[in-house]
Amino acid sequence: MIGLYCYGKILAVLLMLCGFISLEPVEDEYDIPKIFNEELIVPDVIPVPPKLRARMFYPRGEILPGSAMSYNESSFPPVNVSWPYEEGALYTLFMSGISDWKLAKDRTPDYKQGIHGQEWHQWLVSNIPQNNISAGVVNCELLLAGDPCIEGMRDLIMLLIYKQRWPVNITVDNEPGWIEFQRDFRPYRFARRYRLGHPIAGSYHYIVYEGYKGEYDDYDVPQ
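Rules of the game
- Residues numbered from 1 in each chain as written.
- Predicted model: local features only at pLDDT ≥ 70, side-chain atom pairs only at ≥ 80, totals over all residues.
- Heavy atoms only, no water.
- Salt bridge = Lys/Arg side-chain N within 4 Å of Asp/Glu carboxyl O.
- Helix = DSSP H or I, 4+ residues; strand = E, 2+ residues; numbered from the N terminus.
- Phe/Tyr/Trp six-rings, centres within 6.5 Å; stacked < 30°, edge-to-face > 60°.
- Buried < 20%, exposed > 50% of the residue type's maximum accessible area, 1.4 Å probe, protein only.
- Pairing = 2+ DSSP bridges.
- Axes fitted to C-alpha atoms, helices over the stretch in contact; angles between N-to-C directions.
- Contact = heavy atoms within 4.5 Å.

(A) Spotlight on the pattern of salt bridges. Under the definition given, this model contains four salt bridges. Across the pair glutamate 86 and lysine 163 runs a salt bridge whose closest N-O atoms are separated by 2.7 Å. Here lysine 163 lies in strand 9 (residues 154-163) and glutamate 86 lies in the loop between strand 5 (80-82) and strand 6 (90-98), a separation of 77 residues in the sequence. Via salt bridges that share partners, Arg53, Arg55 and Glu62 belong to a single interconnected network.

(B) Expanded view of unusual backbone geometry. Cis geometry is adopted by the peptide bond preceding proline 43, which originates at valine 42 and carries an omega value of 10 degrees. In this structure, proline 43 sits in helix 3 (residues 41-44). For leucine 40, which is not a glycine, the phi torsion comes out positive at approximately 65 degrees. For leucine 40, the position within the fold is in the loop between helix 2 (32-38) and helix 3. A positive phi angle, close to 60 degrees, is found at glutamine 130, a residue other than glycine.

(C) View of the packing of aromatic side chains. All chains considered together, the criterion is met by five aromatic pairs. A ring pair is formed by phenylalanine 36 and tyrosine 204, whose centres lie 5.6 Å apart and whose planes are at 85 degrees; its orientation type is edge-to-face. Pair noted here: phenylalanine 36 is in helix 2 and tyrosine 204 is in strand 10 (residues 201-208), with a separation of 168 residues, a long-range link. Residue tyrosine 204 is classed as buried on the basis of its relative accessible area, which comes to 7%.

(D) View of the pairing of strand 10. When you tally the buried positions in strand 10, you get eight out of eight residues, the bulk of the element. Residues of strand 10 alternate between two faces, with Ala201, Ser203, His205 and Ile207 on one and Gly202, Tyr204, Tyr206 and Val208 on the opposite face, all of them buried. Pairing of strand 1 (residues 52-53) with strand 10 involves two bridges; the strand directions are parallel. Counterpart to arginine 53 in the pairing with strand 10 is glycine 202. Two elements, strand 4 (residues 68-70) and strand 10, share three bridges in a ladder whose sense is parallel. Bridging from a neighbouring strand, methionine 69 pairs with isoleucine 207 of strand 10. The pairing of strand 9 with strand 10 spans eight bridges and is antiparallel. Along strand 10, the bridge assignment pairs arginine 154 with valine 208.

(E) Local environment of the sheet that holds strand 5. The strand order across the open sheet formed by three strands is 3-2-5, and the pairing between neighbours is antiparallel. Looking at the sheet topology across the chains shown, the edges are occupied by strand 3 (61-63) and strand 5. Within the sheet, the average angular offset between the axes of one strand and its neighbour, ignoring direction, is 25 degrees. Alignment of strand 2 (residues 55-58) against strand 3, held across three bridges, turns out to be antiparallel. Bridged to tyrosine 58 within strand 3 is glycine 61.

(F) Broad picture of the environment of isoleucine 46. Relative to the assigned elements, isoleucine 46 resides in the loop between helix 3 and strand 1. Residue classification places isoleucine 46 among the buried residues on the basis of a relative accessible area of 1%. In the structure, isoleucine 46 is positioned 143 residues away from arginine 189 in sequence and 9.1 Å away in space, judged by C-alpha atoms. With residues up to four places along the chain from it excluded, the contact list for isoleucine 46 reads Phe36, Ile41, Leu160, Pro187 and Pro199.

Following this line, the structure appears as structure tokens:
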């Protein structure tokens, strides 16, 4: 699946040359710590918010913090992911998702039932030099969106970037319950195990399941 990301990088370069996207540093209008706290990602998912924004680009363009993607759009890998980095530093990229975030956040009676609030990992790459993901160690291949789910659900997708103190050797096979859907998986526990500290950059968006008509019908994000 990392091959898809490499193809995405090529697409990103073409889009940049055509003027559709820009990877140049810009003054960031997003207060990442504030929006992570307002959305209750802090403290419900991680104890400390990232200070900087990680930028994600899909074929349609940049996915801004808090924006929504349709099921179909989320079925493709990002064409580029970038974040502010220090020269010569190594980083770990971690992406995870939480099913039906509204029910999980509101602690409704359904929260402890079914799939509501389940957290799963989607992508893990360690020992990334600066923000050159293709040069890092792929510990977990990028998992794209699964089958269409319940109409009206909003899955939270969270991207976290950790700055490493030294090269890390992540042994995924030894992680307890390391499966695609892992109810008790928590990124902060994982970061603590490998002494990654708190995330230095991050973002989040939603996958919205709307317009459900059949098992494999399209989902459209309401305008």
